[in-house]
Amino acid sequence: MKMVIAGGTGFLGKALERYFSNTGYDVIILTRNPKKPNHVRWDGTTLGPWVNTLENTDVLINLTGKSVDCRYNEHNRNEIIRSRVESTAILRHALDSLQHPPKIWMNSSSGTIYIHATTMDMTENNGICGDDFSMNVCKSWEAEFFKPSDPSIRKIAMRTAIVLGKEGGAFPKLNHISTFGFGGKIGRGYQSMSWIHIQDYCRMIEFMIANTAIAGCVNMSSPDIHTNKSFMRILAKFTRPLFRIPIPVPVLEFGALMIGTESELLLKSRRVFPEKMMQMGFKFQFAELNLALADLIK
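All of these numbers come straight from a predicted model, not from anything done at the bench.

(A) Region of the structure containing unusual backbone geometry. In this model, Asn56 sits at a positive phi of 60°, which is unusual for a non-glycine residue. As for its position among the elements, Asn56 is in the loop between strand E3 (39–41) and strand E4 (59–62).

Written as structure tokens, this is what we have:
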């Protein structure tokens with residue numbers, strides 16, 4: 001089995017490369033800065049020799065996109081949307097030129113496509129897509145992805161929640177915040193936090209590859225949704241800080257400005273529920289937050 005991961009040198013890409021290499025896949029990474037034998041150079045915007053790596057590929061996964069962990073000034077906003085839409089468009093053009101295209105194309109999206117919700121679960125069928133910068137980025141991303149192309153290619157847009165893992169993403173930062181005594185609620189604490197353990201993220205992709213009936217938009221998250229207040233309380237059981245000082249919104253806004261990020265990343269309420277995957281019979285290894293944190297904090 002052959003897998004190509006575009007933009008696969010980050011936290012999620014490295015985890016997928018390790019997971020699928022261990023299950024027997026030949027994994028090729030498309031990256032702007034090749035450093036390993038299985039790396040192939042591409043720029044995410046133009047066709048080139050990298051297109052040949054897609055021929056006779058079983059699985060294509062696109063993770064390309066500028067990190068949203070930045071200030072949303074005009075330049076960064078343009079880069080966030082451009083990097084996602086252009087890379088998706090050039091992959092679609094590349095696939096249309098192949099004699100033997102991949103059987104399945106999985107493209108990143110985000111649970112931030114849904115509105116700020118504190119009580120209503122956002123499922124694939126009933127979720128409400130909102131109208132702000134982050135939501136519109138996701139809608140433009142998915143619109144490009146689902147443009148007509150080779151009908152033999154099964155497409156899945158992965159609406160991913162916060163992925164918890166030791167080697168990147170939000171967890172190391174939350175772990176440090178809690179360990180150093182700032183593990184109280186962030187803001188008002190009522191905002192919902194949808195999450196998925198990195199192992200279940202990889203297992204879910206494996207499950208979707210194997211189940212040909214799965215297509216379209218898929219929520220990649222655990223069914224165990226917590227408020228920020230309860231999430232931080234459970235995290236503190238494992239970090240055992242001396243204090244649990246809350247972080248008010250003004251302090252968070254100032255801190256976000258100082259480190260060059262946006263407070264929205266911690267204040268938006270996400271209730272991303274994996275209805276489609278549960279209906280298809282996917283079994284989580286870490287369905288509950290207690291289990292996930294116990295595994296990550298050893």
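Here the narrative resumes.
(B) Quick peek at the side chain of Ser269. Looking at the secondary structure, you find Ser269 in the loop between helix H8 (264–267) and helix H9 (275–279). Residues in contact with Ser269, not counting those within four places in the same chain, are Ile115, His116, Ala117, Thr118, Gln191 and Ser192.

(C) Fine view of the packing of aromatic side chains. Applying the stated rule across the entire model yields 8 aromatic pairs. Ring geometry for Trp105 and Phe145: centres 4.7 Å apart, planes at 85°, overall edge-to-face. Highlighted residues: Trp105 in strand E5 (residues 104–110) and Phe145 in helix H3 (residues 133–145), separated in sequence by 40 residues. Overall, the relative accessible area of 0% leaves Phe145 in the buried class. On the numbers, 5.4 Å between centres and 75° between planes, the contact of Phe207 with Phe282 is edge-to-face. Taken together, the positions of Phe207 in helix H5 (residues 198–210) and Phe282 in the loop between H9 and helix H10 (289–296) put the pair 75 residues apart, joining distant regions of the chain. An aromatic cluster is present here, built from Tyr19, Phe20 and Tyr25 joined pairwise through their rings. The residue whose ring lies beneath Arg77 is Phe133, and the NZ or CZ to ring-centre distance is 4.5 Å. Just above the ring of Phe145 sits the side chain of Lys155; from NZ or CZ to the centre is 5.4 Å.

(D) Representation of H5 within the structure. With 13 residues, H5 extends 19 Å from end C-alpha to end C-alpha; this agrees with the ideal 18 Å at 1.5 Å per step. Within H5, burial applies to Ile198, Asp200, Tyr201, Cys202, Met204, Ile205, Phe207, Met208 and Ile209.

(E) Quick peek at the pattern of salt bridges. Scanning all chains against the criterion turns up 13 salt bridges. The salt bridge involving Lys173 is made with Asp69; its shortest N-O contact spans 2.3 Å. Of this pair, Lys173 sits in helix H4 (residues 171–179) while Asp69 sits in the loop between E4 and helix H2 (74–96), and the two are 104 residues apart along the sequence. Here Lys173 falls in the partly exposed class, since its relative accessible area comes to 47%. Among the ionic contacts, a cluster of salt bridges with common partners joins Glu79, Arg82 and Glu86.

(F) Up close: the sheet that holds E4. Pairing is parallel across the open sheet formed by 7 strands, whose spatial order is E3-E2-E1-E4-E5-E6-E11. The sheet is open, and its two edges are formed by E3 and strand E11 (216–220), each paired on a single side. Each strand of the sheet is rotated relative to its neighbour by a mean of 25°, with strand direction disregarded. Along the sheet, H3 contacts E5, strand E6 (154–160) and E11; its crossing angle with E5, the most-contacted strand, is approximately 170°. Contacting strand E1 (2–6), E4, E5, E6 and E11, H5 crosses the sheet at an angle of about 160° to E6.

(G) Main features of the nonpolar core. In this structure, Ile61, Met106, Met158, Tyr201, Ile205 and Met208 are the most contacted members of the largest nonpolar core, which totals 32 residues. Every element with two or more residues in this core is listed here: E1, helix H1 (11–22), strand E2 (26–31), E4, E5, E6, H5 and E11. In terms of residue count, the dominant contributor to this core is H5 (8 residues). With residues near it in sequence (within four places) discarded, Ile61 still touches Met3, Val4, Ile5, Ala6, Leu16, Met106, Met158 and Ile205.

(H) Main features of the pairing of E4. Residues of E4 alternate between two faces, with Val59 and Ile61 on one and Leu60 and Asn62 on the opposite face, all of them buried. The sheet contact formed by E1 and E4 spans 4 bridges and is parallel. When the bridges of E4 are listed, Met3 appears paired with Val59. In this sheet, E5 lies alongside E4 in parallel orientation, the contact comprising 4 bridges. Within E5, the position partnered with Val59 by the bridge is Ile104. Viewed along the sheet, the connection from E4 through H2 into E5 turns out right-handed.

Thresholds, definitions, all that
Residues numbered from 1 in each chain as written. Predicted model: local features only at pLDDT ≥ 70, side-chain atom pairs only at ≥ 80, totals over all residues. Heavy atoms only, no water. Helix = DSSP H or I, 4+ residues; strand = E, 2+ residues; numbered from the N terminus. Contact = heavy atoms within 4.5 Å. Phe/Tyr/Trp six-rings, centres within 6.5 Å; stacked < 30°, edge-to-face > 60°. Buried < 20%, exposed > 50% of the residue type's maximum accessible area, 1.4 Å probe, protein only. Lys NZ or Arg CZ within 6 Å of the ring centre and 35° of its normal. Expected span 1.5 Å × (residues − 1). Salt bridge = Lys/Arg side-chain N within 4 Å of Asp/Glu carboxyl O. Pairing = 2+ DSSP bridges. Axes fitted to C-alpha atoms, helices over the stretch in contact; angles between N-to-C directions. Core = buried A, V, L, I, M, F, W, Y, C linked by side-chain atoms within 4.5 Å. Right-handed = clockwise from strand over helix to strand, strands pointing away.

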